[in-house]
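Here are the chains, one letter per residue:
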Amino acid sequence: MKTLTVALLAAWLPLSVYAAKPLTVCTDANPEGFDVVQYNSLVTANASADVLMNRLVDYDPASGKLQPSLARSWEAGADGLSYTFHLRPNVAFHATDYFQPTRKLNADDVLFTFDRMLNPDSPWHKTAPGGYPHAQAMQFPKLIKSVSKLDPLTVRFELNYPEATFLSSLTMAFASIYSAEYAAQLQAGGRMADLNSKPIGTGPFIFKSYAKDALVRYAPNRAYFGGAPKVPALIYAITPDAGVRLQKLRAGECQIALSPKPQDVQAAKSDGSLQVLQTPAFMTAFVAFNSQKKPLDNPLVRQAINLAFDKASYLKAVFGNTASAANLVYPPNTWSYDKTIKPYPYDPARAKQLLAKAGYPNGFDVDVWVRPSGSTLNPSPKTGAEMLQSDLAKVGIRLRIQVLEWGELIKRGKAGEHQMLFMGWAGDNGDPDNFLTPQFSCAAVQSGTNFARYCDPQLDKLISDGKKTADFKARGKLYQAAQRIIHQQALWLPLAHPTAYALARQGVSGFAVNPYGRVNFAAVTLK
């Protein structure tokens, strides 16, 4: 009789009884904000675009192909100068205590989203104090001629010239679609800044609250067109220290921990209560040299620093066995990677010769910026910075280490205030242009994502021409020529191509580590 009673009770119990515990994810840093188009860090994309918003198209990391999202289908014009998107019907924007939508997603939302980024005369254009770094770096204002509404669910983009990477660029976080109705409400009320602190999207989760250095809270979007999330709530527990993230995971205070240190990965493998999730990452860790500041404006100096650093020892100390050496811009398994380029060897004697030739026989003083907490691309910032400092001291370079909070480092780095800084880049898909345009184009100097601050007409043309042809062989030759310039100029000290890891408690299913650093918690279940 007891068994029957339990069965009958279960038939009418609400879902919340079964899944009363929220999904808590221990993350490594604060988001810069929630108006994702203003920013370029992965932390911010994870907290905004990945959980709150959607784009016209997405990139499936498993198949390596584009897939529908807010656009259920699309077609390109025969000349490559137009793309027509057919929007998914009945997509609902989030309903919150600060916004109640009166209509579903339509073409007006797409037009508002892109007009804001592309049109300097839009009243919304000026609401991004630092501009639109990705849109500017990807040269969207130059590329896109117009965005027009053909009917309520059909939008056409007209381009000024063909670009092979246009569709893949639309999968990036900055191309997330905003609500024009919400924007109009904020504008009418004189509260346009609220778009950055009270976001509205169409994604699987709804924003609830944010406390800096503590928590971001989200509720499930039960009306999500991709299917309602299976957890009753999502919490980002902001935990900069990787060791503390592991402790919280073991204590059950979080169910997933992002960006673990290599030693924590090893510890988790021997812990029966935990599981280790991993994938090769389409990422590169590097030290950027500001080529606009002396003495780093001299390529001989930049080459000398590459020669002076013992990268093998660095990889062992900081990454353990979880990363491969980075010699060029992107991972070796990326198409167009130039295997003929020889990496800079560890050669302090040659480094001293180059410094003398550059006019610095006694070395010089220089600053390097580093974040305080570890991440996938820099598991132990303090260790890495001190190893670089020690190696450069051997050739006479006196390196001063400055620790900056992540948001401050990104902000000031985009403004070009640094001399050197530890940085990392994750491509949004498998296309090499996702590294080249944002990091080495002249437009990216203006937008701030080009941390080398290097603008060279020849390099810029190679990158630009590579995007204008759909011929992989032709693109490959152009990109290999670009890699040779970047390597010869030593614009980076390439460090590592890491393995992306996440740790989870047993009983967590439906979460996979993304090689591009994005996150998707919509399908996660907890037992």
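Per chain, residues are indexed from 1 in the order of the written sequence. Residues qualify for local features only when their pLDDT is at least 70, as the model is predicted, and side-chain atom pairs are given and counted only at 80 or more; totals for whole chains, interfaces and linings, by contrast, use all residues. Note that the side-chain values use all heavy atoms of the structure and ignore hydrogens as well as water.

1. A short note on the overall build of the protein chain
For step 1, the next point in the chain: Helix and strand assignments follow DSSP, with helices taken as H or I runs no shorter than four residues and strands as E runs no shorter than two, numbered in order from the N terminus. Across its full length, the protein chain carries 20 helices and 20 strands.
For step 2, the next point in the chain: With respect to the principal axes defined by its C-alpha atoms, the protein chain has extents near 85 × 60 × 45 Å.
For step 3, the next point in the chain: Relative accessibility under 20% of the residue-type maximum defines a buried residue, over 50% an exposed one, and the middle range a partly exposed one, all with a 1.4 Å probe and only protein chains included. Scored against the burial criterion, the 527 residues of the protein chain give a buried share of 58%.
For step 4, the next point in the chain: Contacts: residue pairs with any heavy atoms within 4.5 Å of one another. The contacts of the protein chain with a sequence gap of at least 6 include a subset with a gap of at least 24, amounting to 72%.
For step 5, the next point in the chain: Neither His nor the chain termini are counted; the positive set is Lys and Arg, and the negative set is Asp and Glu. Lysine's charge is taken at NZ, arginine's at CZ, aspartate's at CG and glutamate's at CD. Each charge sign in the protein chain was given a centre, from 55 positive and 41 negative side chains, and these centres are 4 Å apart.

2. Thoughts on empty space enclosed by the protein
For step 1, the next point in the chain: Cavities and pockets are defined on a 1 Å grid built over the protein atoms alone: a cavity is a set of grid points where a 1.4 Å probe fits but cannot escape, while a pocket is an open set with protein on both sides within 12 Å along at least five of seven lines, and lining residues are those with an atom within 4 Å of any such point. Grid points are joined across faces, edges and corners, and a volume is the space filled by probe spheres set on the points. The full count for this structure, using the stated rule, is 2 cavities of 30 Å³ or more.
For step 2, the next point in the chain: When its volume is computed, the largest cavity comes out at roughly 790 Å³.
For step 3, the next point in the chain: When grouped by side-chain class, the residues that make up the lining of the largest cavity number 30 nonpolar, 12 polar and 4 charged.
For step 4, the next point in the chain: Size it by volume and the second largest cavity reaches roughly 70 Å³.
For step 5, the next point in the chain: For the second largest cavity, the full set of lining residues is Ser-259, Pro-260, Pro-262, Val-265, Phe-319, Thr-322, Ser-375, Thr-376, Pro-379, Pro-498, Thr-499 and Tyr-501.
For step 6, the next point in the chain: Elements supplying a minimum of two residues to the lining of the second largest cavity: helix 11 (262-269) and strand 18 (492-505).
For step 7, the next point in the chain: Ranked by the residues each element gives to the lining of the second largest cavity, the list is headed by strand 18, at 3 residues.
For step 8, the next point in the chain: Only Asp, Glu, Lys and Arg are considered charged in this grouping, and only Ala, Val, Leu, Ile, Met, Phe, Trp, Tyr, Cys and Pro are considered nonpolar; every other residue, Gly among them, is considered polar. Residues belonging to the lining of the second largest cavity are distributed by class as follows: 7 nonpolar, 5 polar and no charged.
For step 9, the next point in the chain: The split into domains, and so the bounds of each, comes from an automatic or database assignment of domains. In terms of domain composition, the lining of the second largest cavity takes at least three residues from each of domain 1 (19-34 + 42-51 + 203-273 + 506-526) and domain 3 (283-500).

3. Structural notes on the state of the cysteines
For step 1, the next point in the chain: In this description, the term disulfide denotes a pair of cysteine sulfurs within 2.5 Å. By the definition in use, this model includes 1 disulfide.
For step 2, the next point in the chain: Disulfide pairing is shown between Cys-442 and Cys-455; the S-S distance is 2.1 Å. An S-S torsion of about 95° defines the bridge between Cys-442 and Cys-455 as right-handed. Residue Cys-442 is located in helix 18 (residues 442-447), and its partner Cys-455 is located in the loop between helix 18 and helix 19 (457-467); the two are separated by 13 residues in the primary sequence.
For step 3, the next point in the chain: Residue classification places Cys-442 among the buried positions, given a relative accessible area of 15%.
For step 4, the next point in the chain: Cys-455 gets classed as partly exposed once you look at its relative accessible area, which sits at 46%.

4. Some points on the UniProt feature "domain: Solute-binding protein family" (unreviewed entry) in the protein chain
For step 1, the next point in the chain: The UniProt feature table records "domain: Solute-binding protein family" (unreviewed entry) at residues 65-444.
For step 2, the next point in the chain: With 30% helix and 23% strand, residues 65-444 has its two end C-alpha atoms placed 26 Å apart. UniProt positions are given in the numbering used here, feature names are shortened, and annotations may be inferred rather than shown by experiment.

5. Describing the pattern of salt bridges
For step 1, the next point in the chain: Criterion for a salt bridge: a side-chain nitrogen of Lys or Arg within 4 Å of a carboxyl oxygen of Asp or Glu. Inspection of the entire model under this criterion finds 19 salt bridges.
For step 2, the next point in the chain: The closest approach of N and O atoms between Lys-294 and Asp-297, which form a salt bridge, is 3.2 Å.
For step 3, the next point in the chain: Since its relative accessible area comes to 31%, Asp-297 is described here as partly exposed.
For step 4, the next point in the chain: Between Asp-431 and Arg-475 there is a salt bridge, with the nearest N and O atoms lying 3.0 Å from each other. Residue Asp-431 is located in the loop between strand 17 (420-426) and helix 17 (433-440), and its partner Arg-475 is located in helix 20 (residues 472-489); the two are separated by 44 residues in the primary sequence. An identical accessibility class is assigned to Asp-431 and Arg-475; each is buried.
For step 5, the next point in the chain: Overlapping salt bridges, with partners in common, bring together Asp-50, Asp-428 and Arg-518 in one network.

6. Comments concerning the nonpolar core
For step 1, the next point in the chain: Here, the term nonpolar core denotes a set of buried Ala, Val, Leu, Ile, Met, Phe, Trp, Tyr and Cys residues that are joined through side-chain atoms within 4.5 Å. Counting 113 residues, the largest nonpolar core has Tyr-218 and Phe-521 as its most contacted members.
For step 2, the next point in the chain: The element that contributes the greatest number of residues to this core is strand 18, accounting for 6 residues.
For step 3, the next point in the chain: Once you skip the residues sitting within four places of it in the chain, Tyr-218 turns out to touch Phe-34, Ala-47, Val-51, Leu-52, Phe-205, Ile-206, Phe-207, Lys-208, Ala-233, Leu-234 and Tyr-236.
For step 4, the next point in the chain: Core analysis: the second largest hydrophobic core is formed by 36 residues, Phe-286, Tyr-337, Met-423 and Tyr-516 among them.

7. Some remarks on the layout of surface pockets
For step 1, the next point in the chain: Estimated volume of the largest pocket: approximately 810 Å³.
For step 2, the next point in the chain: Of the residues that constitute the lining of the largest pocket, the class distribution is 14 nonpolar, 9 polar and 8 charged.
For step 3, the next point in the chain: Counting the residues that make up the lining of the largest pocket, at least three belong to each of domain 1 (19-34 + 42-51 + 203-273 + 506-526) and domain 2 (54-202).
For step 4, the next point in the chain: Size it by volume and the second largest pocket reaches roughly 500 Å³.
For step 5, the next point in the chain: As for the second largest pocket, its lining consists of 22 residues, of which Glu-32, Tyr-39, Gly-407, Glu-408 and Lys-411 are closest to the centre.
For step 6, the next point in the chain: The set of elements that each furnish at least two residues to the lining of the second largest pocket consists of helix 16 (406-414) and helix 18.
For step 7, the next point in the chain: With 6 residues, helix 16 is the largest single contributor of residues to the lining of the second largest pocket.
For step 8, the next point in the chain: Class assignment of the residues belonging to the lining of the second largest pocket gives a composition of 7 nonpolar, 7 polar and 8 charged.

8. Looking at helix 15 (residues 381-393)
For step 1, the next point in the chain: Taking 1.5 Å per residue, 13 residues should reach 18 Å; helix 15 reaches 18 Å between its end C-alpha atoms and fits that length.
For step 2, the next point in the chain: For helix 15, every residue scored as buried is listed here: Pro-381, Gly-384, Ala-385, Leu-388, Asp-391 and Leu-392. The buried residues of helix 15 occupy one face: seen down the axis, they fall within an arc of 130°. Residue count minus one, scaled by 1.5 Å, sets the expected span of a helix. Note that the arc is computed from the directions linking the helix axis to the C-beta atoms.

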